[in-house]
Amino acid sequence: MIKRNSRIVAMATLAPALLAAGCAERSDFPSLARRPAEDAYRAAQGTRPTPPPPTVISEGLPERLAALLASADAAHAKFESRRPAATRTINAAAGSAKGTESWSVASVALAGLETARSLATMPLADLDRLEADASNRAIDGSDVDLKAVRAAREKVDALVQGETLVIDSLRGRLGA
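J.: Could you clarify how one ought to interpret the overall build of the chain in this entry?
T.: Counting its secondary structure elements, the chain contains 5 helices and 0 strands. Ordered by position in the sequence, the α and β elements of the chain form the string α-α-α-α-α. Counting over 176 residues, the chain shows a buried share of 20%. In the chain, of all internal contacts separated by at least 6 residues, the share reaching a separation of at least 24 is 80%. Surface exposure of the chain reaches about 12,200 Å², of which carbon and sulfur atoms provide 60%.

Below, the structure written as structure tokens:
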């Protein structure tokens, strides 16, 4: 108890001294107003010419985009090769009760189309990453990379959206 009281007494004694140290005359502090030297420095910085951004696409990007487009085209070709058989199977199973053999076979065919579509979404994910990187580079420079990546991404996205429409239509026929 004595220790506790001695702490309280010590804090009560030191508190006014600490609080008084924070009280000072306003005139003792320097002004935060802008000084003429700062204005001169800012004016000198503004007169320096900025280099024009490069208008050439980054090295290796066209090849990377071509490879991603080729991968998406191959995935789309696989989707299109599976589509007729899946459509026939699903049309034959239309109206079948869930769990019947024809419904199960049609569900597997639909899953095969979804797998083929997922192969096309992998290049789309890579293009999303490339677009983010190109967008960051476009902040300080040219947007040539960004435009090239977006054009490739739009092509792949159109393929994936078309495949999604087909799958949704077939799923609706199957009643899945």
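Back to the text.
J.: What am I meant to see in the environment of alanine 94 here?
T.: By the element assignment, alanine 94 lies in the loop between α3 (61-93) and α4 (101-140). Note: C-alpha distance between alanine 94 and arginine 171 (77 residues apart in sequence) is 9.7 Å.

J.: How do you make sense of the packing of α3 against α4 when you look at a structure like this?
T.: Geometry of a packed helix pair, given as the angle between the helix axes and the separation of the axes. Across the interface, α3 lies against α4 with an axial gap of 8 Å and an inter-helix angle of 165°. With respect to their mutual orientation, α3 and α4 come out roughly antiparallel. Viewed along their axes, α3 and α4 form a crossing whose handedness is left-handed. When its residues are assigned to classes, the contact of α3 with α4 shows 21 nonpolar, 5 polar and 7 charged.

J.: Would you mind going over the side chain of arginine 117 with me for this structure?
T.: Inspection of the secondary structure puts arginine 117 in helix α4. Put simply, arginine 117 is tucked away with no salt bridge, and the nearest opposite charge, on glutamate 114, sits 4.5 Å away. In contact with arginine 117, not counting residues within four places along its chain, are Phe79, Val160, Glu163, Thr164 and Ile167.

J.: Could you clarify how one ought to interpret helix α5 (residues 144-174) in this entry?
T.: At 3.6 residues per turn, the α-helix brings residues three or four places apart onto the same side. For α5, with 31 residues, the first-to-last C-alpha span of 45 Å sits near the 45 Å given by 1.5 Å per residue. Listed as buried for α5 are Asp145, Leu146, Val149, Ala152, Val156, Val160, Glu163, Val166, Ile167, Leu170 and Leu174. Check the buried side of α5 and you find it contacts α3 and α4. A positive backbone phi angle near 80° is found at glycine 175, which sits one or two residues after α5.

How each quantity is defined
Along each chain, numbering runs from 1 in the same order as the chain's sequence is written. With pLDDT at 70 or above as the cut-off, local features in this predicted model cover only qualifying residues; side-chain atom pairs require 80 or more to be listed or tallied, and sums for whole chains, interfaces and linings still use all residues. Values reported for side chains reflect all heavy atoms of the structure, with hydrogen atoms and water molecules removed beforehand. Helical segments are the DSSP runs of H or I of at least four residues, strand segments are the runs of E of at least two, and each set is numbered from the N terminus. Residue exposure (1.4 Å probe, protein chains only): buried if accessible area is under 20% of the type maximum, exposed if over 50%, otherwise partly exposed. Contacts are residue-level and defined by heavy atoms, with any inter-residue pair within 4.5 Å sufficient. Calculation of accessible area relied on Shrake-Rupley with a 1.4 Å probe; when residues are assessed, cover is drawn exclusively from the protein chains displayed. Angles shown run from 0 to 180 degrees and are taken between the N-to-C directions of axes, each axis being a line fitted to C-alpha atoms and, for helices, limited to the stretch in contact. Note on terminology: angles under 35 degrees are roughly parallel, angles over 145 are roughly antiparallel, angles of 65 to 115 are roughly perpendicular, and the others are oblique. By convention the crossing between two helices is left-handed if the near helix lies anticlockwise of the far one by an angle smaller than a right angle, and right-handed if it lies clockwise. For this classification, the nonpolar set comprises Ala, Val, Leu, Ile, Met, Phe, Trp, Tyr, Cys and Pro, the charged set comprises Asp, Glu, Lys and Arg, and every other residue, Gly included, is treated as polar. Counting rule for charge: Lys and Arg are taken as positive, Asp and Glu as negative, and neither His nor the chain ends is counted. Salt bridge, as used here: a side-chain nitrogen of Lys or Arg that lies within 4 Å of a carboxyl oxygen of Asp or Glu. For a helix, the expected span equals 1.5 Å multiplied by the number of residues minus one.

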